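# Secondary and tertiary structure notes
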Amino acid sequence: MNKIVDIGTWQLAAAYLLLAFPFAIMLWYRIPMIGQTLTSLVRMTVQLILVGLYLQVIFRLNILWLNALWLVVMVTVADVSIIRSCSLRLGRIALPLFIALAAGTTVPLLLFTGLILRRANLLDAQYAIPIGGMILGNCLRADIVGIRTFYESIRSTEKAFLQSLAQGASLHEAIRPYLRKAVQAALAPTVATMAT
């Protein structure tokens with residue numbers, strides 16, 4: 001059986017040295033993102049510490065409802081993050097996006113833990129939370145790209161979109177080209193990753 005490798009404080013701190021490269025590029029090209037990046041770095045560090053402490057408890061207890069609740073929290077955080085990244089109103093898209101993220105995470109997660117790993121407890125914390133996080137991370141990236149592409153495409157050709165509606169096209173017919181473009185943009189990174 002493999003032993004779990006404990007990463008010490010100094011080894012973890014050494015990993016932060018990798019950030020010298022992107023910061024050097026930002027300074028060299030005078031990209032005005034250093035403050036935003038530092039803020040994100042601090043937030044990420046605090047969040048990872050808190051999540052790490054909480055996950056120790058969840059992994060130790062491994063209670064079905066608590067694991068499911070944590071997955072719901074993960075989906076909710078991803079939901080809000082996508083909406084903020086796309087500069088959309090929370091009230092209009094939050095629920096449909098939450099349902100899509102929950103389904104898009106739950107179905108592959110349960111198939112993976114049930115069929116591939118053959119776990120009796122499909123929401124075993126040791127497997128469900130890390131795998132669910134990876135699936136959700138991929139969904140998050142694809143959703144941000146797809147939603148941004150969809151709305152930016154409509155905004156950039158708003159007259160053509162409105163003209164299509166004025167000529168009698170249904171809303172579904174009018175948005176179909178924008179939807180196709182958004183889905184293609186959302187899937188392109190995943191397909192490229194698979195091919196590589």
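Residues numbered from 1 in each chain as written. Predicted model: local features only at pLDDT ≥ 70, side-chain atom pairs only at ≥ 80, totals over all residues. Heavy atoms only, no water.

We now examine a nonpolar patch on the surface. Residues Val57, Leu61, Ile63, Trp65, Leu69, Val72, Val73 and Val77 make up a contiguous nonpolar surface patch of about 690 Å² in total accessible area. Listing elements by their share of the nonpolar patch, those giving two or more residues are α3 (34-61) and α4 (64-85). Counting residues per element, the nonpolar patch draws most heavily on α4, which supplies five residues. Checked against the element boundaries, Val77 lands in helix α4. (Patch = residues over 30% accessible without salt bridge, like charges linked within 9 Å, V, L, I, M, F, W, Y side chains within 5 Å. Areas by Shrake-Rupley, 256 points an atom, 1.4 Å probe, with all protein chains shown as cover. Salt bridge = Lys/Arg side-chain N within 4 Å of Asp/Glu carboxyl O. Helix = DSSP H or I, 4+ residues; strand = E, 2+ residues; numbered from the N terminus.)

Moving on to helix α8 (residues 171-195). Across its 25 residues, α8 extends 35 Å between first and last C-alpha, which sits within 8% of the 36 Å expected from 1.5 Å per residue. Of all the bends in α8, the greatest measures close to 40° and is centred on Pro177. Ala174, Ile175, Tyr178, Ala182 and Ala186 are the residues of α8 that are buried. Tucked inside the fold, the buried residues of α8 contact α6 (125-156) and α7 (158-166). (Expected span 1.5 Å × (residues − 1). Bend = angle between axes of the 7 residues up to and from the residue. Buried < 20%, exposed > 50% of the residue type's maximum accessible area, 1.4 Å probe, protein only. Contact = heavy atoms within 4.5 Å.)

What follows covers the state of the cysteines. Summed over all chains, the structure comprises zero disulfides. Cys139 supplies the cysteine sulfur nearest to Cys86, a cysteine that is in no disulfide, at a spacing of 14 Å. Given a relative accessible area of 9%, Cys86 falls into the buried group. (Disulfide = S-S within 2.5 Å.)

Counting 26 residues, the largest nonpolar core has Ile58, Ile82, Leu97, Leu101, Leu109 and Ile129 as the members making the most contacts within it. Residue assignment for this core shows that the elements contributing at least two residues are α3, α4, α5 (90-116) and α6. Take this core: its biggest share by element is nine residues, from α6. If near-sequence neighbours (up to four positions away) are discounted, Ile58 is found in contact with Leu66, Asn67, Trp70, Ala125 and Ile129. (Core = buried A, V, L, I, M, F, W, Y, C linked by side-chain atoms within 4.5 Å.)

Looking now at the confidence of the model for the chain. For any part of a model where pLDDT is low, the fine detail of the predicted coordinates should not be relied upon. Here the chain averages 92 in pLDDT, and 99% of its residues register 70 or above. Taken element by element, the predicted model of the chain shows its lowest mean pLDDT in helix α1 (residues 9-15) (87) and its highest in α4 (95). (pLDDT = per-residue confidence, 0-100.)

At a minimum axis distance of 9 Å, the contact between α3 and α6 shows a crossing angle of 140°. Here α3 is positioned oblique relative to α6, judged by the angle of their axes. Between α3 and α6, the residues in contact are Leu55, Ile58 and Phe59 and Ala125, Gln126, Ile129 and Pro130, respectively. (Axes fitted to C-alpha atoms, helices over the stretch in contact; angles between N-to-C directions. Parallel < 35°, antiparallel > 145°, perpendicular 65-115°, else oblique.)

In this structure, Asp124 sits in the loop between α5 and α6. Apart from residues no more than four positions distant in its own chain, Asp124 is found in contact with Asn62, Asn67, Arg119 and Ile129.

With that settled, the discussion passes to the environment of Pro130. In this structure, Pro130 sits in helix α6. Residue classification places Pro130 among the partly exposed residues on the basis of a relative accessible area of 33%. Along the sequence, Pro130 and Leu71 sit 59 residues apart, while their C-alpha atoms lie 9.9 Å from each other. Setting aside its immediate chain neighbours within four residues, Pro130 contacts Phe59 and Ala125.

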